[in-house]
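# Report on the structure
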Amino acid sequence: MLRSECLDLGQGALQVTVDLDDTAHGAAVKQAIRQWHRDHPGEPLFGEAAYEKPPGIAWDDQTYRGDAYGAFAWAAYVAEVEVDLRTCATRVIDFVAVQEVGKVLNPTLAKGQVQGGVVQGIGWALMEECKWRDGAMANNQLTNYLIPTSDDVPAVRVAFLESPYPHGAGGAKGLGELPIDGPAPAIVNAVAAATGADPRAIPLTPERLMDLLEIADFGLRIADSAP
Amino acid sequence: MSGHSAIRNPQSAISIAFTLNGEPVSLGVDPAARLLDTLRYQLALTGTKEGCGEGECGACTVYLDGLPVNSCLVPTYQVRGRRVETVEFLDPGALEPFERCGATQCGACTPGVVMAAWWIREHPDLLGTHSIRELMAGNLCRCTGYDGIIDSVEEALGERGKGKGEG
């Protein structure tokens, strides 16, 4: 809930509260300000506005407990991968991203935000690794810090389940960082399901997967040879 | 990175003449100047962007004798007598599908992407052997996830659905 609060510092407070879904676009605030100026001709008016969190959302900065954000978006990601068992290279061949972000305000940009975040997530899951040396990034060039090209990623299929959120502007929730969180777990789980490897670190580069598959293969042979 | 193509020693400047966006140009350049810096800082054609500066990202794509090249890797003196076209040479209408399909977010890759896309448009026979995703792989984009770019190239080509997948 947006509380718009206008204060006359000299002669007492003028306070107006407006809901975010206010269809009158703040007409009550404008009306109150006009009235104040009529009552106090020629005097300056100072104002301030503050956002109030929705009821039930609270954060305790002392104990670091509670809900830090006023609106949580949700998403589910499905990755289909192919693993080349000779080179241990993983390729994402299909990706579906479904999210609930309240009301979608700009469908083109929202879809693009998800596709971009997912592709960064694919890079994070499979190839992007910062190597540090003496406190600086050793591979700080696109020659040795690889990011996905258009040919490394599939078309990302995006769906929104819209559920307008009463405490967000225009019914919306945030969609900035959401799409980068899910791809790596989805992809790594897909590789685990496909190969029997149990990856515990990303990026799951061919080198890293090769180590894991050698272990998995070894474990399998132990299991086979057991009486 | 490169001292922005200022001529460090005037006595070592090289005089060259070439065709830039259809017009003859002659100027003195530092022997070490990159075409990218000459375009941006001597000729004020700032549409061409520097991304990585090492030929990986394609943001600085220009046409050299009709071929797309990374202008960060071209010493300016090498374009003597040749033909250079930059993104400023394209019809502004070329950008329209890119705006409509969400091919642009931060915009740093966009000039290079548009140059590559237009080159594909001028050479449609390439699509017989390569997908759009393969042909656009020399232009890195960090924001869009490429789907908006692929969609707009398809729109620009007027043949939707020829890419590897549909978004």
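Think of each chain on its own: its residues are numbered from 1, step by step along the sequence as written. Chains carry letters and ligands carry numbers; both start at the beginning, A for chains and 1 for ligands, and go up in the order they are written. Per-residue local features of the predicted model are confined to residues with pLDDT of at least 70, and side-chain atom pairs are confined, for both listing and counting, to 80 or more; whole-chain, interface and lining totals are unaffected and use all residues.

### Focus on the overall build of chain A
Within chain A one finds five helices and ten strands. Here a residue counts as buried when 20 or more other C-beta atoms sit within 10 Å of its C-beta, as exposed when there are 12 or fewer, and as partly exposed otherwise, the C-beta atoms being derived from the backbone. Within chain A, buried positions represent 26% of all 227 residues. Only DSSP runs of H or I covering at least 4 residues are called helices, and only runs of E covering at least 2 are called strands; the numbering of each starts at the N terminus.

### Description of the environment of Gly102(B)
Here Gly102(B) lies in the loop between helix H2 (96-100) and helix H3 (110-122). On the basis of neighbour count, Gly102(B) is assigned to the buried category, with 26 C-beta atoms found within 10 Å. In this structure, the C-alpha to C-alpha distance between Gly102(B) and Ile149(B), residues 47 residues apart in sequence, is 7.3 Å. For the purpose of contact definition, each residue receives a C-beta atom placed from its backbone, and two residues are in contact when these atoms lie within 7 Å. Aside from chain neighbours lying at most four places away, what touches Gly102(B) is Thr108(A), Leu109(A), Lys111(A), Gly112(A), Thr144(B) and Gly148(B).

### A few points about the sheet that holds strand E1 (residues 14-20) of chain B
Residue and element names in this part refer to chain B. For two strands to be treated as a pair, DSSP must find no fewer than two bridges joining them. In space, the five strands of this open sheet follow the order E2-E1-E5-E3-E4, with mixed pairing throughout. The open sheet terminates on both sides in strands that have one partner only, identified here as strand E2 (23-29) and strand E4 (67-70). The sheet shows a mean angle of 40 degrees between the axes of neighbouring strands, taken without regard to direction. Inspection of the sheet shows strand E3 (residues 61-64) paired to strand E5 (residues 83-85) by two bridges, in the antiparallel sense. Residue pairing for E5: tyrosine 63 is matched across the bridge by glutamate 85. Contacting E3 and E4, H3 runs over the sheet at an angle of about 40 degrees to E3. An axis is simply a line fitted to the C-alpha atoms; with a helix, the fit covers only the stretch in contact. Between two such axes, the angle follows the N-to-C directions and lies from 0 to 180 degrees.

### Overview of the interface of chain B and chain A
The interface of chain B with chain A comprises 23 residues on the first partner and 20 residues on the second. Elements with a minimum of two residues in the side of chain B that touches chain A: helix H4 (132-135) and helix H5 (147-157) of chain B. Each residue is assigned to one of three groups, with Ala, Val, Leu, Ile, Met, Phe, Trp, Tyr, Cys and Pro labelled nonpolar, Asp, Glu, Lys and Arg labelled charged, and all others, Gly among them, labelled polar. Looking at the side of chain B that touches chain A residue by residue, the class counts come to nine nonpolar, seven polar and seven charged.

### A closer look at the domain arrangement of chain B
Residue and element names in this part refer to chain B. Just so you know, the domain bounds were taken from an automatic or database domain assignment. What the domain assignment reports for chain B is domain 1 (3-87) and domain 2 (92-157). Measuring from the centre of the C-alpha atoms in domain 1 to the corresponding centre in domain 2 gives 23 Å. Of the residues lining the interface, 14 residues belong to domain 1; the matching set on domain 2 comes to eleven residues.

### As for the packing of helix H2 (residues 107-126) of chain A against helix H4 (residues 183-195) of chain A
Residue and element names in this part refer to chain A. Interhelical geometry of H2 versus H4 gives an angle of 50 degrees and a closest axis separation of 8 Å. Taken together, the axes of H2 and H4 lie oblique to each other. In the crossing of H2 with H4, the sense of the turn from one axis to the other is right-handed. When H2 is examined against H4, the residues Val118, Gly121, Ile122, Trp124, Ala125 and Leu126 are found in contact with a partner set consisting of Pro183, Ala184, Ile187 and Val188. Here the contact of H2 with H4 is composed, by residue class, of nine nonpolar, one polar and no charged. To sort the angles, those under 35 degrees are grouped as roughly parallel, those over 145 as roughly antiparallel, those from 65 to 115 as roughly perpendicular, and the leftovers as oblique. By the definition used in this description, the sense in which the near helix is turned from the far one sets the handedness, with an anticlockwise turn below a right angle giving left-handed and a clockwise turn giving right-handed.

### Topic: the sheet that holds strand E6 (residues 74-83) of chain A
Residue and element names in this part refer to chain A. The sheet built from three strands is open, its strands ordered E6-E7-E10 with mixed pairing. Of all the strands in the sheet, the pair left with one neighbour each is E6 and strand E10 (156-160). With strand direction ignored, the average angle separating the axes of adjacent strands in the sheet is 10 degrees. Both E6 and strand E7 (residues 90-100) contribute to a ladder of ten bridges, which runs antiparallel. Bridged to valine 78 within E7 is valine 96. Where H2 meets the sheet, its contacts fall on E7 and E10, and the angle it forms with E10 comes to roughly 130 degrees.

### A word on H4(A)
Given a helix with a known number of residues, its expected span is that number minus one, times 1.5 Å. Its 13 residues place the ends of H4(A) 18 Å apart at the C-alpha level, agreeing with the 18 Å of an ideal helix rising 1.5 Å per residue. Those residues of H4(A) that fall on the buried side of the exposure criterion are Pro183(A), Ala184(A), Ala186(A), Ile187(A), Val188(A), Ala190(A) and Val191(A).

### Considering the packing of H3(B) against H5(B)
Helix-helix packing is described using two parameters, namely the angle between the two axes and the distance between the axes. Residues and elements named next belong to chain B. Interhelical geometry of H3 versus H5 gives an angle of 40 degrees and a closest axis separation of 10 Å. Between H3 and H5, the interaxial angle falls into the category oblique. The crossing of H3 and H5 is right-handed. Within the contact between the two elements, H3 uses Val113, Ala117, Ile120 and Arg121 and H5 uses Ile149, Val153, Ala156 and Leu157. When grouped by side-chain class, the residues that make up the contact of H3 with H5 number seven nonpolar, no polar and one charged.

### Considering the nonpolar core
Generally speaking, soluble globular proteins have nonpolar side chains that are buried together. Under the definition applied here, buried Ala, Val, Leu, Ile, Met, Phe, Trp, Tyr and Cys residues are grouped into a nonpolar core through C-beta atoms within 7 Å. Core analysis: the biggest nonpolar cluster contains 69 residues, and Ala79(A), Ala97(A), Ile122(A), Ile187(A), Val191(A), Val113(B) and Ile149(B) have the highest contact counts within it. At seven residues, the largest contribution of residues to this core is made by H2(A). When residues no more than four places from it in sequence are discounted, the contact partners of Val113(B) are Ala103(B), Asn139(B), Cys141(B) and Ile149(B).

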